[in-house]
Amino acid sequence: MATNYDAIIIGAGHNGLVTAAYLAKAGYRVLVLERRDLVGGCCVTEELWPGFKVSTAAYVNSLLRPEIIRDLDLKSYGFEMLPRSPSSFTPYQDGRYLMMGPDQQMTLKEIAKFSTRDAENYPKYEAMLTRVADFLEPMLVQTPPDPFSNRIGDLWKVAKTGWGFRGLGRDVATDAVEIMTGAAKPILDRWFESDELKATIATDAVIGAFAPPSHPGTAYVLFHHVMGECNGVRGVWGYVRGGMGTISNSIASAAKKHGAEIRTKAEVGRILVKGGAVVGVALKDGTEFRAPRVVSGADANVTFVKLMEAKELPPDFLAAVKRIDYASATVKINVAVSEPPQFKCLPGQGIGPQHHGTMHVCPSMDYIERAYDDAKYGKTATNPMLECTMATALDSTLAPPGQHILSMFIQYAPYELKGTTWDVERDKFADRCFDILEEYAPGFKASVLHRMVIAPPDMERLWGITGGNIMQGAMNLSSMASFRPVAGYANYRTPVRGLYMCGAATHPGGGVMGACGLNAAREILRDG
Ligand SMILES: Cc1cc2nc3c(=O)[nH]c(=O)nc-3n(C[C@H](O)[C@H](O)[C@H](O)COP(=O)(O)OP(=O)(O)OC[C@H]3O[C@@H](n4cnc5c(N)ncnc54)[C@H](O)[C@@H]3O)c2cc1C
């Protein structure tokens, strides 16, 4: 039976939930439809094995916008950040290690073990990033202007951005352009001499991207990862008590408190359009819901290619959607272990500082480049880059006493394999990743109780993200800001009247930020 709402949101990803909460708070009758049996999309906690509560996809937070935490009073619904200090630990086979984190004195002492020059440069490098961030960060919660439109509002915003850019001065502006368009490697090469330090920093430049640090666009990915904050401290990443699902659940609770209705196991099969305007949606089972506004939190391919008919969209728009880059080379392995991995270079028992942050297996810049080279030719990396985190080091609510969850985020392993399939390779690749970690932390393999291996096609199946791309589309300059999801439609509106986008496919892109959902809600309310 058709029911009437003011707005229907497709997908209860955290962005869809943010849009739902703001619209409901403004008095709209809102319905959220989610295909899975839980809310959160890629930001969830799931009890994969009895007693083990796992952040199945996203595993650390920093980007969630402080205004959303405040406006929706998320702390009153259980949202709590657990800052990581140290935040990063990189072991080496020669017995050394590099530990880094928000404690600057500790970090500089650690860097000096590898290069005193780099220890001197590191605060200057951070200051440069901060100056650029001060300019770019406010744009995260602004609607990008369309530089090619003649609308006064767009022209004004372009002029304002240009003026602000000019105000940076020649030096900072040059840094900003390089960060927005360039590769991470030459920037790191200029600032630092230690390969160990550069490789550890470079992991943030390639995370989720099918590109090595030498590729243009990776400097922005690096920067994207330093723009957040944890409890008010910029650049610090933390775990969320109860797992990442606490973020989505707390936003869902706020949305419900303001009157939004959320239905799970409700997969939208079709967006209904009449006379160039959206009129509602039909679920896969045929149930129809009517509303003058439909807001999609799914990616652009799902929204426009899967849920709509080509004749409902302008051909040039559809062609632009089909050009979006959904390449992915990321694998996630969720592991339950009976004890923390103990590293040869820092032997110990129980939990030590090395377990608080991301434990990298990424000894050099060439290691990352070679891992990429394999994937470039359709193979899983022979020596993949591993990023391991153990949220149970700071959050005892996630696993039975004494036991732990290890999240392994791995690159590179492409969606499309040449001459083989993921059904053949999935476990072989996971075994290889385990062998590599075992070389650094003997005994790790014997500690494994359970594992869940998620290859790019599994991500597509589980979370509905095209190509398994964790950002709902590549994050390079040609698909950012005014060009995200496609040029001319970066203001959360689409060619169909009443149909909006609100997920990571829109500006400012992927990550658990909520900014896409917040910006979309503002534009929808502006249209009235
Ligand atoms: C493995 C992995 C690790 C990551 N790690 C991190 C991290 O540590 N930190 C971080 O900040 N970011 C991380 N990210 C990125 C981040 O999780 C995503 O960019 C972000 O969660 C996207 O949120 P969203 O709401 O825009 O979209 P999504 O989370 O993709 O939500 C879209 C929702 O729409 C639903 N949907 C799709 N089609 C339909 C339909 N037809 N009908 C109904 N519902 C539908 C989906 O089921 C989903 O719930 C990671 C992502 C992945 C996949």
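Below or above, wherever it landed, is the structure these notes cover. As the structure is a computational prediction, the values presented were derived from the model and not from experiment.

### Re the overall build of the protein
Along the backbone of the protein there are 17 helices and 21 strands. Taking 2.2 N^0.38 as the reference for a compact globule, 528 residues should give roughly 24 Å; the C-alpha atoms of the protein span a radius of gyration of 23 Å, in line with that estimate. Relative to its full complement of 528 residues, the protein shows a buried share of 52%. A fraction of 72% describes how many contacts in the protein between residues 6 or more apart in sequence connect residues 24 or more apart.

### A short note on the packing of helix α3 (residues 104-112) against helix α4 (residues 116-136)
A pair of packed helices is captured by two measures, namely the crossing angle of their axes and the spacing between those axes. Orientation of α3 relative to α4, taken along the N-to-C sense of each, is 150 degrees, at an axis distance of 7 Å. Between α3 and α4, the angle falls in the class roughly antiparallel. Between α3 and α4, the residues in contact are Leu108, Ile111 and Ala112 and Thr116, Asp118, Ala119 and Tyr122, respectively. Of the residues contributing to the contact of α3 with α4, the split by class is five nonpolar, one polar and one charged.

### Looking at the nonpolar core
Counting 163 residues, the largest nonpolar core has Ile8, Ala21 and Val30 as its most contacted members. It is helix α1 (residues 14-25) that provides the largest number of residues to this core, a total of seven residues. The residues touching Ile8, leaving out its near neighbours within four places in the chain, are Leu31, Leu33, Gly280, Val281, Phe289, Ala291 and Val294.

### Describing the environment of Ala490
Note on placement: Ala490 falls in the loop between α16 (456-463) and β21 (499-501). With 22 C-beta atoms counted inside 10 Å, the residue Ala490 sits in the buried group. For the pair formed by Ala490 and Ala20, sequence separation is 470 residues and the distance between their alpha carbons is 20 Å. Those residues in contact with Ala490 that lie beyond four places of it in its chain are Pro144, Asp146, Ala481, Ser482, Phe483, Arg484 and His507.

### Describing the sheet that holds strand β2 (residues 30-33)
In a beta sheet, neighbouring strands pair by backbone hydrogen bonds and run either parallel or antiparallel. Taken in spatial order, the five strands of this open sheet run β11-β2-β1-β15-β21, and their pairing is parallel. A single partner strand is all that each edge strand has here, and the edge strands are β11 (261-263) and β21. For this sheet the average axis-to-axis angle between neighbouring strands, irrespective of direction, equals 20 degrees. Where strand β1 (residues 7-10) and β2 come together, four bridges link them in parallel fashion. Pairing of Ile8 across the sheet is with Leu31, part of β2. Against the sheet, helix α17 (residues 515-527) makes contact with β1, β15 (294-296) and β21, and its axis sits at roughly 155 degrees relative to β21, the strand it touches most.

### Let's talk about the sheet that holds strand β19 (residues 404-411)
Pairing is mixed in the open sheet, where seven strands are placed in the order β7-β6-β17-β18-β19-β16-β20. On the outer flanks of this sheet lie β7 (97-100) and β20 (448-454), each paired with one strand and no other. Each strand axis lies, on average, 20 degrees off the axis of its neighbour in the sheet, ignoring direction. Pairing of strand β18 (residues 385-389) with β19 involves five bridges; the strand directions are antiparallel. Bridging from a neighbouring strand, Thr389 pairs with Ser407 of β19.

### A look at the site of the ligand
Around the ligand, a shell composed of 40 residues is seen, among which Gly11, Gly13, Gly41, Ala58 and Gly510 lie nearest. When contributions to the shell around the ligand are tallied by element, the ones reaching two or more residues are α1 and α16. Here the element with the most residues in the shell around the ligand is α1; it accounts for three residues. Grouping the constituent residues of the shell around the ligand by class yields 22 nonpolar, 13 polar and five charged.

### Some words on the environment of Lys25
Inspection of the secondary structure puts Lys25 in helix α1. For the pair Lys25 and Glu339, spaced 314 residues apart in sequence, the C-alpha separation works out to 45 Å.

### A look at the pairing of strand β12 (residues 268-274)
Taken residue by residue, a regular strand's side chains alternate between the two faces of the sheet. Alignment of β12 against strand β13 (residues 277-283), held across six bridges, turns out to be antiparallel. Pairing of Val268 across the sheet is with Leu283, part of β13. The antiparallel pairing of β12 with β13 creates a hairpin that spans two residues between the two strands, and Gly275 there sits at a positive phi of about 55 degrees.

### Structural notes on the environment of Gly167
By secondary structure assignment, the location of Gly167 is in the loop between α5 (152-166) and α6 (169-181). Placed 281 residues apart in sequence, Gly167 and Val448 show a C-alpha to C-alpha distance of 54 Å.

### Looking at α17
For α17, which comprises 13 residues, the first-to-last C-alpha distance of 19 Å matches the rise-based estimate of 18 Å (1.5 Å per residue) to within 8%. Within α17 the residues assigned to the buried category are Ala515, Cys516, Gly517, Leu518, Asn519, Ala520, Ala521 and Ile524. On its buried face, α17 is in contact with β1, α1, α2 (66-71), β15 and β21.

### Topic: unusual backbone geometry
For the peptide bond that leads from Arg484 to Pro485, omega is 0 degrees, which places it in the cis range. Along the chain, the position of Pro485 falls in the loop between α16 and β21. For the peptide bond that leads from His507 to Pro508, omega is 5 degrees, which places it in the cis range. On the secondary structure map, Pro508 appears in the loop between β21 and α17. Backbone geometry places Gln472, a non-glycine residue, at a positive phi of 55 degrees. In this structure, Gln472 sits in the loop between α16 and β21. Look at Gln472 and you get buried, because 33 C-beta atoms sit within 10 Å. The backbone of Tyr492 sits at a positive phi, close to 75 degrees, despite the residue not being glycine. Within the fold, Tyr492 resides in the loop between α16 and β21. With 25 C-beta atoms counted inside 10 Å, the residue Tyr492 sits in the buried group.

### A word on the packing of α1 against α17
Between α1 and α17, whose axes approach to 7 Å, the crossing angle comes to 35 degrees. Both α1 and α17 take part in a crossing whose hand is right-handed. Between α1 and α17, the residues in contact are Asn15, Gly16, Val18, Thr19, Tyr22 and Leu23 and Cys516, Gly517, Leu518, Ala520, Ala521 and Ile524, respectively. Residue composition of the contact of α1 with α17, grouped by class: eight nonpolar, four polar and no charged.

Analysis parameters
Residues numbered from 1 in each chain as written. Predicted model: local features only at pLDDT ≥ 70, side-chain atom pairs only at ≥ 80, totals over all residues. Helix = DSSP H or I, 4+ residues; strand = E, 2+ residues; numbered from the N terminus. Rg over C-alpha atoms; globule rule 2.2 N^0.38 Å. Buried ≥ 20, exposed ≤ 12 C-beta atoms within 10 Å, placed from the backbone. Contact = placed C-beta atoms within 7 Å. Axes fitted to C-alpha atoms, helices over the stretch in contact; angles between N-to-C directions. Parallel < 35°, antiparallel > 145°, perpendicular 65-115°, else oblique. Nonpolar A, V, L, I, M, F, W, Y, C, P; charged D, E, K, R; others polar. Core = buried A, V, L, I, M, F, W, Y, C linked by C-beta atoms within 7 Å. Pairing = 2+ DSSP bridges. Near = placed C-beta within 6 Å. Expected span 1.5 Å × (residues − 1). Left-handed = near helix turned anticlockwise from the far one by under 90°.

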